[in-house]
Amino acid sequence: MTKAFDEMNGGGSGSIRDSYKTLAAWLQNAPPDLLQARSRQAELFFRRMGVTFAVYGDEESNERLIPFDVVPRIIGADEWSGLEAGLKQRVSAINAFLKDIYGPQECIKAGVVPADLILTNPHYRPEMQGRRPPGDVWCHIAGVDLVRTGEDGFYVLEDNVRTPSGVSYMLENREMMMRLFPDLFAEHSVRPVEIYTDMLLRSLQASAPDGAGEDPTIVVLTPGPFNSAYYEHSFLADKLGVELVEGGDLFVNDDTVFMRTTEGPKRVDVIYRRIDDDFIDPLTFMPNSAVGVPGLMSAYHAGRVTLANAVGTGVADDKAVYTYMPQIIRFFTGEDAILQNVPTWRCREPEALKEVLGKLDQLVVKEVGGSGGYGMLVGPAATKAEIEAFRAKLIADPDDFIAQPTLSLSTAPTLNGGDLSPRHVDLRPFVLSSPAGVRVAPGGLTRVALKEGSLVVNSSQGGGTKDTWVLDN
Amino acid sequence: MRIRIDHSTRYGYARPARFIVQMLRLTPRSCESQQVGDWRIETDVDARLRRSEDAFGNIVHSLYTERPTDSLTIRVMGEVSTVDTGGVIRGQSERLSPLVFLRDTALTRADAAILDFAQAIGQGDPLDRMHRLMGALHRDVAFEVGSTSATHTAAEAFAQRRGVCQDHAQIFISAAHRLGVPARYVSGHLNRSDGQHDQDAAHAWAEAWIEGLGWVGFDPANGICPTDQYVRVAVGLDALGATPIRGTSYGGGQESLTVALHVRPVQQSQQQLQSRGWG
Amino acid sequence: MLSRTADSLYWTGRYMERADFLARILEAAIRLAALPAKDQATVTAWAGAIASSGVKSAFDASGRTPSEKSVREYLAFGADNSTSIKACITRARTNARSVRTALTIELWEAINGAWNGLNELGEPTKRDDFTSYLDFVKSTSLAVEGASSRTMLRNDAYWFLRLGMAIERADNTARLLDVKYHLLLPPGERVGGQLDYFQWTTLLREVSALTAYRWVYRESVRPWLVADLLVLNRQMPRSLASCQGMIVSYLEKLAADYGRRGPAQRLASSRLTQFNEARIEDIFQAGLHEYIQNFLNENNALAGAIHEQYLV
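What counts, and at which threshold
- Residues numbered from 1 in each chain as written.
- Chains lettered and ligands numbered in written order.
- Predicted model: local features only at pLDDT ≥ 70, side-chain atom pairs only at ≥ 80, totals over all residues.
- Heavy atoms only, no water.
- Helix = DSSP H or I, 4+ residues; strand = E, 2+ residues; numbered from the N terminus.
- Rg over C-alpha atoms; globule rule 2.2 N^0.38 Å.
- Buried < 20%, exposed > 50% of the residue type's maximum accessible area, 1.4 Å probe, protein only.
- Areas by Shrake-Rupley, 256 points an atom, 1.4 Å probe, with all protein chains shown as cover.
- Lys, Arg positive; Asp, Glu negative; His and termini not counted.
- Charge placed at Lys NZ, Arg CZ, Asp CG, Glu CD.
- Domains from an automatic or database assignment.
- Contact = heavy atoms within 4.5 Å.
- Buried area = accessible area lost by both parts, 1.4 Å probe.
- Polar contact = N/O pair within 3.5 Å; in protein donor to acceptor, adjacent residues only side chain to side chain.
- Nonpolar A, V, L, I, M, F, W, Y, C, P; charged D, E, K, R; others polar.
- Pairing = 2+ DSSP bridges.
- Axes fitted to C-alpha atoms, helices over the stretch in contact; angles between N-to-C directions.
- Phe/Tyr/Trp six-rings, centres within 6.5 Å; stacked < 30°, edge-to-face > 60°.
- Lys NZ or Arg CZ within 6 Å of the ring centre and 35° of its normal.
- Parallel < 35°, antiparallel > 145°, perpendicular 65-115°, else oblique.
- Left-handed = near helix turned anticlockwise from the far one by under 90°.
- pLDDT = per-residue confidence, 0-100.
- Right-handed = clockwise from strand over helix to strand, strands pointing away.
- Arc of directions from axis to C-beta.
- Salt bridge = Lys/Arg side-chain N within 4 Å of Asp/Glu carboxyl O.
- Core = buried A, V, L, I, M, F, W, Y, C linked by side-chain atoms within 4.5 Å.

Asker: What's the story with the overall build of chain B in this structure? I'm lost.
Answerer: Scanning chain B from terminus to terminus reveals 5 helices and 15 strands. Computed over C-alpha atoms, the radius of gyration of chain B comes to 19 Å, within 12% of the 19 Å expected from 2.2 N^0.38 for 279 residues, which places it in the range of a compact globule. Its C-alpha atoms give chain B principal-axis dimensions of about 55 × 45 × 35 Å. Here chain B holds 279 residues, and the buried ones make up 53% of them. Looking at chain B as shown, the accessible area adds up to about 11800 Å², and 47% of this sits on carbon and sulfur atoms. Between the centroid of the 29 positive side chains of chain B and the centroid of its 31 negative side chains there is a distance of 5 Å.

Asker: Could you clarify how one ought to interpret the domain arrangement of chain B in this entry?
Answerer: A common measure of how large an interface is: the accessible area buried when the components associate. All names here are of chain B. When its domains are assigned, chain B resolves into domain 1 (2-82 + 243-267) and domain 2 (98-236). On the side of domain 2, 19 residues touch domain 1, which itself brings 19 residues to the contact. Between domain 1 and domain 2, a total of about 1700 Å² is buried, with carbon and sulfur atoms accounting for 60% of that surface. Considering only the surface of domain 1 that becomes buried against domain 2, Phe56, Leu261 and Val263 emerge as the three largest contributors, covering 32% of it. Summed over the shared surface of domain 1 and domain 2, the result is 6 residue pairs in polar contact (both at pLDDT 80 or more). Residue assignment for the side of domain 1 that touches domain 2 shows that the elements contributing at least two residues are strand E1 (2-17), strand E2 (19-27), strand E6 (69-82) and strand E15 (255-265). Broken down by element, the side of domain 1 that touches domain 2 gets its largest block of residues, 6 residues, from E15. Residue composition of the side of domain 1 that touches domain 2, grouped by class: 11 nonpolar, 6 polar and 2 charged.

Asker: Just to check I follow, could you spell out the sheet that holds strand E2 (residues 141-143) of chain A for this structure?
Answerer: Sheets are built from strands that pair by backbone hydrogen bonding, the pairs being arranged parallel or antiparallel. Residues and elements named next belong to chain A. The strand order E2-E19-E20 describes an open sheet built from 3 strands, whose pairing is antiparallel. The strands lining the two open edges of the sheet, one partner per strand, are E2 and strand E20 (437-440). The average undirected angle you get between the axes of adjacent strands in this sheet is 20°. Across 3 bridges, the pairing between E2 and strand E19 (residues 430-434) is antiparallel. Bridge pairing in E19 places Ala142 opposite Val431. Its contacts with the sheet put helix H3 (residues 77-101) on E2, E19 and E20, and the angle it makes with E20 is roughly 140°.

Asker: Explain the packing of aromatic side chains to me, please; I cannot follow it from the model alone.
Answerer: The relative placement of two aromatic rings is captured by the distance of their centres and the angle of their planes. A full pass over the atoms with the stated rule returns 30 aromatic pairs over all chains. Ring geometry for Phe19 of chain B versus Tyr250 of chain B: centroids 5.7 Å apart, planes at 25°, classification stacked. With a gap of 231 residues between them, Phe19 of chain B in strand E2 and Tyr250 of chain B in strand E14 (residues 245-250) connect regions that are remote in the sequence. Using a relative accessible area of 9% as the deciding quantity, one classes Phe19 of chain B as buried. Given a relative accessible area of 14%, Tyr250 of chain B falls into the buried group. Stacked on the ring of Tyr158 of chain C, the Lys or Arg Arg154 of chain C has its end atom at 4.1 Å from the ring centre.

Asker: How should the packing of helix H1 (residues 112-119) of chain B against helix H4 (residues 165-178) of chain B be read in this particular structure?
Answerer: Each pair of packed helices can be summarised by the angle the axes make with each other and by the distance between the axes. Residue and element names in this part refer to chain B. Viewed as axis vectors pointing N to C, H1 and H4 meet at an angle of 70°, and their least axial separation amounts to 9 Å. As the angle between them shows, H1 and H4 are arranged roughly perpendicular. Crossing of H1 against H4: the hand is right-handed. For the pair H1 and H4, contact is made by Ile114, Leu115 and Ala118 and by Ile171, Ser174, Ala175 and Arg178, respectively. Grouping the constituent residues of the contact of H1 with H4 by class yields 5 nonpolar, 1 polar and 1 charged.

Asker: Can you walk me through the sheet that holds strand E4 (residues 47-53) of chain B in this structure?
Answerer: All names here are of chain B. Ordered in space as E4-E5-E2-E14, the 4 strands form an open sheet in which the pairing is antiparallel. The outermost strands of the open sheet, each flanked by one partner alone, are E4 and E14. Strand-to-strand twist in this sheet, taken as the mean axis angle between neighbours without regard to direction, amounts to 15°. Pairing between E4 and strand E5 (residues 59-65): 7 bridges, direction antiparallel. By the bridge assignment, Leu49 is partnered in E5 with Leu63.

Asker: Any chance you could explain the confidence of the model for chain B here in plain terms?
Answerer: Where the model shows low pLDDT, its predicted coordinates should not be examined in detail. Per-residue pLDDT for chain B has a mean of 93; in total, 96% of the residues score no lower than 70. Contacts from residues 271-279 of chain B, a stretch scored under 50 in pLDDT, to residues over four places away or in other chains number 8 contacts.

Asker: Looking at this structure, I do not really get the side chain of His140 of chain A. What am I missing?
Answerer: Counting through the fold element by element, His140 of chain A comes out in the loop between helix H5 (115-119) and E2. Excluding anything up to four places from it in sequence, His140 of chain A contacts Ser207, Thr306, Leu307, Ala308, Asn309, Ala310, Val431, Leu432 and Ser433 of chain A.

Asker: Would you take a moment to explain the pairing of strand E5 (residues 218-221) of chain A for this structure?
Answerer: Taken residue by residue, a regular strand's side chains alternate between the two faces of the sheet. Residue and element names in this part refer to chain A. With burial as the criterion, each face of E5 is covered, one bearing Ile218 and Val220 and the other bearing Val219 and Leu221. Bridging between E5 and strand E10 (residues 270-273) involves 4 bridges; their strand directions are parallel. Bridge assignment links Ile218 to a residue of E10, and that residue is Val270. Where E5 and strand E6 (residues 243-245) come together, 3 bridges link them in parallel fashion. Within the sheet, the bridge partner assigned to Leu221 lies in E6 and is Val245. This β-α-β element, E5 to helix H9 (residues 230-240) to E6, shows right-handed connectivity.

Asker: Explanation requested: H1 of chain B in the structure shown.
Answerer: Think of an α-helix as 3.6 residues a turn; residues three or four steps apart then line up on the same face. All names here are of chain B. Along H1, the residues that are buried comprise Ile114, Phe117 and Ala118. Projected down its long axis, H1 shows its buried positions confined to an angular sector of 100°, all on one face. Residues of H1 that are exposed and point more than 90 degrees away from the buried face comprise Ala112, Asp116 and Gln119. On its buried face, H1 sits against helix H2 (126-140), helix H3 (154-160) and H4.

Asker: Help me out: how do you make sense of the environment of Glu17 of chain C in this one?
Answerer: Residue and element names in this part refer to chain C. Inspection of the secondary structure assignment puts Glu17 in helix H1 (residues 3-34). Using a relative accessible area of 4% as the deciding quantity, one classes Glu17 as buried. Along the chain, Glu17 and Arg169 lie 152 residues apart, while their C-alpha atoms are 6.5 Å from each other. With sequence-adjacent residues up to four places away left out, Glu17 is seen in contact with Met165, Glu168, Arg169, Asn172 and Arg238. Separated by 2.9 Å, the side chains of Glu17 and Arg169 make a polar contact.

Asker: What am I meant to see in the interface of chain C and chain A here?
Answerer: If you look at the interface, chain C gives 21 residues, while chain A gives 21 residues. For the pair chain C and chain A, the summed buried surface comes to about 1700 Å²; carbon and sulfur atoms form 49% of the total. Its salt-bridge partner being Glu246 of chain A, residue Arg4 of chain C comes within 3.3 Å of it at the nearest N-O pair. Across the chain C-chain A interface, the total number found is 7 residue pairs in polar contact (both at pLDDT 80 or more). When contributions to the side of chain C that touches chain A are tallied by element, the ones reaching two or more residues are H1, helix H5 (85-98), helix H6 (105-121), helix H8 (156-183) and helix H15 (288-311) of chain C. Counting residues per element, the side of chain C that touches chain A draws most heavily on H6 of chain C, at 5 residues.

Asker: How do you make sense of the interface of chain A and chain B when you look at a structure like this?
Answerer: Opposite the 28 residues of chain A that make contact, chain B presents 25 residues. Here chain A meets chain B over a buried area of about 2000 Å², counting both sides, of which 56% is carbon and sulfur. Per-residue buried area on chain A facing chain B is highest for Pro126, Asp254 and Leu283 of chain A; these three make up 29% of the total on that side. As a salt-bridge pair, Arg50 of chain B and Asp254 of chain A come within 2.5 Å of each other at their nearest N and O atoms. Taken together, chain A and chain B are joined by 14 residue pairs in polar contact (both at pLDDT 80 or more). Of all the secondary-structure elements, those providing two or more residues to the side of chain A that touches chain B are H5 and strand E7 (250-253) of chain A. Residues that form the side of chain A that touches chain B fall into these classes: 14 nonpolar, 8 polar and 6 charged.

Asker: In this structure, what is going on with the nonpolar core? I would like to understand it.
Answerer: For soluble globular proteins, the rule of thumb is that nonpolar side chains tend to be buried together. Ile85, Phe160, Leu251 and Ile306 of chain C are the most contacted members of the largest nonpolar core, which totals 104 residues. Per-element tally for this core: the top contributor is H1 of chain C, with 15 residues. Of the residues that make up this core, three or more belong to each of domain 1 (1-152) and domain 2 (166-312) of chain C. Ignoring sequence-local partners within four residues, the contact set of Phe160 of chain C consists of Thr262 of chain A together with Met1, Ala6, Leu9, Tyr10, Leu254, Tyr258, Tyr310 and Leu311 of chain C. Membership of the second largest hydrophobic core comes to 92 residues, among which are Tyr102, Leu146, Val268 and Ala316 of chain A.

Encoded structure:
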């Protein structure tokens, strides 16, 4: 594999990229062990907070401390404006797509996406057909995963339009960096990510149903303290200044949602739900769900409550539907996609399957319905036996798979012992949609593969996080 | 013919339930084969009923009780005029594409045995194959009350080759999907030819989408296509989706269920008497 | 505030209070058992601890017989005792954790620290270690009380936490009084006898009131004065009258915050009026046992009313 594009040093010409010039100079002049000292300090702070993490989650506090790298990932103003435009375009198209799929299905009639791919997709919800959520907004919160292969080569890896998580790390990381490196912030003009919670609050307020009044009641709905993302749920509720509720705190009466309070039932207008569709209403979906709200869908269909995100958004971030995203964007916006898709072979197409089977050792093959790295073959890293086993699965059920080339993810300088070493990174910015428009928080969660050469940024597999700086001007 | 239905469902609660929420799919819609007249829902405790229509075209009532109660009876009554269309459904607007009814659910997902069974149906035009599928099911899966419960999957019922109408319908759907034919579940009522008007449970069957004909009913439990003895009430992807009543109680604890169902033909001469009897 | 949040705060208060109460009972039993006395008296001390804790039937059903070892083990960390010290602290923490954002960091750290500390101490068997264990439990309830009092806003969250503590404390004191009065008087031993003296001083120790007694009454320990101290004395923070006063004041704060009084307020304040008019002589005349039983029933009814009004 050729040397990856580096966020600080670029493609290898030796000159430092503009956005990193100040940081590079600062690093040059920094006392040799400063970064390590700050890194230890960060760990101390986080360990203290880590206790808090454990408090909300399970007892295994140490496992839940995600490594934090103190060297920021920096994105220049121009780069960001390109990304921002691309993200807005993409999420707008996704909203239009969902509105159409659950409405007139023009994009199916026009042949943009195959009917069976949508209508038999497990994440398509027939219950939503013909429904319009308040304000016609489906995907209120998206966490789009981006990777980079070159100066202009940003690719979307996944759209994450169900209940994306990770935004609490984006906010906590910034807080930590401002505490550790106030001098660095003084030398850079970094756009604030703290406005995210304010943006989210406004966005949810703007999405309230008709009749909710001037000051709609918003809640965050969590499956409960045993959910792995509970910390984030309570963090967000806290920052938004709204109640963190569990299913049992809500009930539906007369097609209206209420929460039980010490002052009696209080109407709820907007639910930022962190519970999957399947579990949200046992009278409509999985009947044995104990975390949902019985009758919620009746209130939803009656237009009396907003669910963020809407029910049924998963059909838009399905891996097979993903492959059609460039066409979807063109169909709904009339423009070419600003952000590229990773070139993808749809194994359901015989020509593509043949090509994929011919070079399995070079490709990443993913199960359409899989997530979190399950059911995946990473060709270059797999043994012959693994490849052959996967070949059999692929031939047996080609519809279930897509294949992509292994991308050479960009690297960013990362503290490695006492030195800085290039490590592969990705980026998850958060995009908010409401009837008032689409907005992107200036930043995101940068995940970094701490092991040399590793492309896996998942925290469960040794990945860490970095603060992400978007520069002003 | 005219069929009169009187269907009571009584829930008893171990402790008084503070509040009860239910979704009722108990009200039939008119289409070419059935005209619904004079249909009522009554509850024996004060409750709000909100009527709406779901994406499957079913009439849904959301029921919310108004005060604590230790029991709740929902009674639906009405009369439906039917004609025999050979099982073909016409005059019903469909919001969902037939392709949606190729979706498998936890209850209809085929296992290897159902797949084999479906493949053994052989080739032919779809209508013919569905008739053969219905016949084979009627022959191979015994009707036996109590052999399955409401949560049994098609695969589980098929494995024991026994079940009730719900199981027959779900196995039919499962196998039809394997043959590439959209199929769905129907809950409803059957005016029995043996004159048994008091019934223990409502009936269920399946419908398959046949290109050129549209939705066609198949009742594998009885081995026939629905006639004018049948009243369709609700459709869904599986039994769960077409369940007459789905609900929950707050604070009621263990609940018990009693169903009383009378389905009988209305004779001209009896009409006067009947309406007085129910008045 | 969410009803669930109020419920969790209320139960955090109750469980912390009960853990503290159990620690005091065990401490007093150790002291009583250490007095030079016949074997029978030692057994009585441990049986008394079980009775005072209100877990006699569960203890007996577990197949245990009262001894220092069995009682210490059962009340402090018995795996089959759902209201052991360990279980109470664990439940207090679970409740607190589920409403973490309604607590101050200081209060959370006090509760979580209690739980962590208890886990570190394990299940000590040596008497010295066990005494340190009890000291730790008592110190945690002080830490929790201090943290809540010093750091929490005086809003409904605080009132529900305090309300739980006060309801539990009233229940504990009443039960203690009742058990001592009835179960611990050996047949033939008249009220005021030698053994009785130890029993009553033990009772005072259990509520940390031996010194207080001397300050208030300035005479030797007499049962009716002990009863007066624990039932009617408003200076004594664990007396029934004090607990009732606290309950009323917290309920009134809630009523003021919410702008609405309900059945809980009415029930609580009518009981407080009875305390203001009561004299210990009359209580003895009518029977302390009946009086206490009545108090316990009413306290339960009040807890039920609070539950109905706020917590569901």
